[in-house]
Every structure is written in structure tokens, then in C-alpha cells.
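Observations on the model geometry
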Amino acid sequence: MLEYIEEAKRGEQQAFEQIVKHYTVMANAVAYEKLHDFQLAEDAVQEAFTEAYLHIDKLRTPAAFPGWFKSIVERQCYRMLRRKKHLVVPYADAEQSAVSPLNVSELMERRELQQMVHHSISSLTSNMRIAVQLFYLQGYSIPEISGFLNVSVPVLKKRLFDARRKLKQALPVADLISVFNHLYEGGEGMLHIVNGDYVAEKLRQGVVKGDILVWREVYPHGPVFRNPVESEHRTFRATYLEQTIGVPHAEFIQSSEVQEKTLAECHKYKEIVLWFEHDLFDQVMLAYLLDWFARQSMPETTLNLLCIGSYPGIELFRGLGQLSTEQLSTISGTWRTIRTEELELGSAFWQAYTSQGPEKLQQLLNNDTSALPFAHDAFKHHLAQFPSTFNGLGIVEQTTLKMLHEGMSSSHDLFKHVGDQLHVLGMGDLQYGHILRRMAQGSHPLIELHGAEEILANNGTYMSLQNCEVLMTLFGKRVMEGQEDWVTRNGIDEWYGGVHVQGHDPAWRWNIEEQRIVRESPRCGEE
């Protein structure tokens, strides 16, 4: 919306039309609260938009528009109060007139229920009434209302909390639930995109209303391409995932096609919210989606982002799945509108991550990435998974050997402690199982696995991360101490995003001391 305001300040009429579409309902609710007359409120809002259009060049900053425009609306209302009033039309009736035709019994039932709810809302204080109208009945997000009313988010949330409590006392519980559907945040016509079924189920338990799309991918593992929807790329990736972590080939293809189809229809939603976390698992997924949205034209859709890396009271925050439905409710609605900066940076990260060489990503990390505050740390940890200049181990293998050296031997314990120490990776058990199996293979294995179960897939085998015993070999100890180079002795054939690292003398290495990728041979990937 800030972009439209900027364009409107430059005199672009189409941009101002988008502003009118976005703020009309909100302005009508404010005006009706002052005038108690729908027709007068509508007239006041129309005149307010005219005044705003004529004087928008005087607006200092686009971010100040909501409060500035609200003042204009209120000023027009005071002018209306001094004029002859028109016939009063209840606001609820005006809303009903826009509803699609129903049969008589449905219309009577809905009207009766709406009248009951609106009567209860009318008993609230003015501040509570307008908050409820905008939030629950009109579908504006908390940040939008906060900016428009010029009140802080905590104050607004307190008003909504108090309003809910009073409405529950005034209405039968069943009626309240049927109208507000567990008092969802954000309104109708919403799509929430999340990274896992566990979080999705919690969101469905009264935290939000609207459609939920679970994005099922594991981009930090295996080959990833700039345009993964291309048939040959998808097939190649599906084969790799089945061979290494046991994801069924056909299931991956079908799941990918279904979620891409849903994404292709996202223009039908008024609002989309991306729910993501700070770790690499989520940040790569977020980068893909931002790259996709950056290439779409959706002028009628507001795109929002909720991305967190901590939560009060949780010492080691691993992700949204740790939060209860009550805790998720406290952050629901605190999303912010995605700007051009986020879209462009997300697209840049995706292009760099899927590049055939790590140089683009390294260069990107040297620039300002504050528009996506968790991306820098996450993608830096991605690069740290490349073979190091010290001993050929990536950060996961090195941390695993260190844990074994300190006396740990259970694969479950290793996964937990390595995962905690490297929580920025967001590594899953199947990914870690693949890494353990790699460490145990080759002519010079780093570890031995006792009790590990090899599971046969259609195109290969993968290791089930059961509670097997893991022991470090003498060679593994020498590698850990830097006396040997694992890749030089054993070779490597691994994918890191779009980079395929192969052979006994790979081009790309992670320099631990300098904390950056260095090139050690003349050719590998793209220049």
C-alpha cells in the first residue's frame, strides 16, 4: 500500500483508486461511528477521499497516510453534523444489501442473528465498537487498524480482548461462535501459507479463519533449481529425495503439483499471510515464495509476513510448532505487509541459492539484507555446510564428531544435541540420517553405525534414524583434529542448493577462519 501512496503523491490516478478500495470500508466504519447514519457516513467518506486526493502532495511520508486520512474523515463528519441530515439507514442493513440473494428462511435467520450481534456490539464503548467492526466484521489486520486509528498494537489488542469478554457475556456462546467462528484474526478471503501440518492444525483450532496451504518441501536437501516446476527438474529432484531420505517419488510429484496449483489461484484471496521461522529450512522456503510472488500481478491482494525467531519464555526457540494455540493467538494479526524490498530480496536469495556456484550467495550476504532479518544468518549457515578448508567437513559433520568425542553415542541424542546447537539450520531427522550414513560410507569412513536399519526405496536405500549406536573411527578422529582431509581421501558427491560438489578436489570450500566460501580450483559451476 505504501507504493500506491508514493505513486499517488506523484499524481498517478490509478494508484489513488487502489487506496480508495483499500480504505473505504475502514473509513465508512469510522464515519458511521461519528454520524450513526450510513448515507451520511458514505457522503463524508467520499468528500474525505476528494480532499485527500487534492492535498496528498502535502503528505510528508506515505507511512503517515492512515492517521492523516482518518483526521480528514473525522473533519468531514463534523461538517456533516452541521448540515441537514438525510433519512437514516442502519449500517447493518447497508451491509446486508450487498450480500448475495438468499432464500427467505436463510435471510430471516441471518438477519435475526446479525441484529442480535450488532445490538450487542452497540452496547460496547466507542473504542471497542470500532475495533470490533474493523477487525472481526470487516477483516482488517491489527497493524492496519493500529495505523489508521493511531493507537498502539497492545492497546488495540486490549480493546479487542475486552470486547470479546463483554460479547461472550451478552450473547449465547453458540451464536458468538457461529458469527465470529472462534474470533479469527484477519477476516474472510484469506490464505495462510505455513511450513508444516502440525502448525496448520493448531491454526485451524480457532487461531485463524480462512484457507491454509501447507507448503511441503525440504529445499535445504538435494538439488534445487531456479524454476523447480519444470518437469525435468522436478523429476530429477524427486528421484534424489527418494534415494536419500525415502520420500516416495510419485508422492513428491503429486504433492508438488497440488500445492503449485493452489498457489496459482492465490489471486482470488484478499489477503495472504506467510507464517515462517528464522531457520534455513523456512528461510529458503520463504525465499522461493517471495520470488514467486514477485513475478505475479495481484493488485487486489495484500501480501503479509509473520516471521519470528524467538518467543517469550522459550529459551531455545526452534519453531512455531513449539507454540500452543493460545501462544499462536498472541502473535496472530501481528503480521506486516510485505513491501517491494522484501519481494526483491527474497527473489535475490532464491536466485543465489539455486545458482550453480555459491559466489552469488556469498556476495549477497555482503550486502544489506535487513529487509529479511533472519536470512543472513540462515544462509550463512547454509554455506558453512560446504566442505571446510580445515578438514573437508561441513559444520554438521564437524559438530557430530565433536559430540562423539565428548562421549555421546546414541543417534537420537546426537540428532537432538546437534540440532540444538545448529538450530539455525532447522534440520530434520531424515536429513540428519542421510548425513550419518554418508559419514559411515566410503573407503575412509568417519563413523561406524551399529544397529542402523537400511530401508529399501524404489531407487536406492536410506537410513532410518532409529536409536542406533554411533562410534567414531580413528580416521574420523584424525579428520576432526585437522590431520586428514575427509573429501581429499574419500571424495564427495553432494548438492548444496543449486551447487553440485563432486570429486576429491572440489572447487568450493568453506573457510572457517574467514567465515566465507573460497574457490580452490579453476572450474566448478558457474562463473
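Read on for a plain summary of the structure.

Cut-offs and rules
Residues numbered from 1 in each chain as written. Predicted model: local features only at pLDDT ≥ 70, side-chain atom pairs only at ≥ 80, totals over all residues. Heavy atoms only, no water. Pairing = 2+ DSSP bridges. Helix = DSSP H or I, 4+ residues; strand = E, 2+ residues; numbered from the N terminus. Contact = heavy atoms within 4.5 Å. Axes fitted to C-alpha atoms, helices over the stretch in contact; angles between N-to-C directions. Phe/Tyr/Trp six-rings, centres within 6.5 Å; stacked < 30°, edge-to-face > 60°. Buried < 20%, exposed > 50% of the residue type's maximum accessible area, 1.4 Å probe, protein only.

Attention shifts here to the sheet that holds strand S2 (residues 211-214). An order of S2-S1-S4-S5-S6 is seen for the 5 strands of this open sheet, with the pairing classed as mixed. If you trace the sheet from one side to the other, it starts and ends with S2 and strand S6 (336-337), each paired once. The pairing of strand S1 (residues 190-194) with S2 spans 4 bridges and is parallel. In the strand pairing of S2, Leu191 is matched with Asp211. Strand contacts of helix H14 (residues 280-294): S1, strand S4 (271-277) and strand S5 (302-308), with the helix running at about 155 degrees to S4, the strand carrying the most contacts.

What the rule picks out here adds up to 20 aromatic pairs. Note on Phe65 and Trp68: the rings are 5.8 Å apart at their centroids and 55 degrees apart in plane angle, and the pair reads as tilted. On the criterion of helical spacing, the pair formed by Phe65 and Trp68 is a turn pair, its members being 3 residues apart in helix H4 (residues 65-81). Between Tyr353 and Phe379, the ring centres sit 5.9 Å apart and the planes meet at 70 degrees, which makes this aromatic pair edge-to-face. Of this pair, Tyr353 sits in helix H16 (residues 340-353) while Phe379 sits in helix H18 (residues 375-383); the two residues are 26 residues apart in sequence, bridging distant segments of the chain. Judged by relative accessible area, which is 1%, Phe379 ranks as buried.

Moving on: the sheet that holds strand S3 (residues 222-223). Strand order in the open sheet formed by 3 strands is S3-S11-S12, and the pairing between neighbours is mixed. Two strands bound the open sheet, and with one partner strand each, they are S3 and strand S12 (499-503). Here 2 bridges tie S3 to strand S11 (residues 492-497), and the two strands are oriented parallel to one another. Paired with Gly222 across the strands is Tyr496, a residue of S11.

Checked against the element boundaries, Ser388 lands in the loop between H18 and helix H19 (395-405). The class of Ser388 is buried, set by a relative accessible area of 1%. Contact partners of Ser388, with chain neighbours within four places excluded, come to Leu393, Asp485, Arg509, Trp510 and Ile512.

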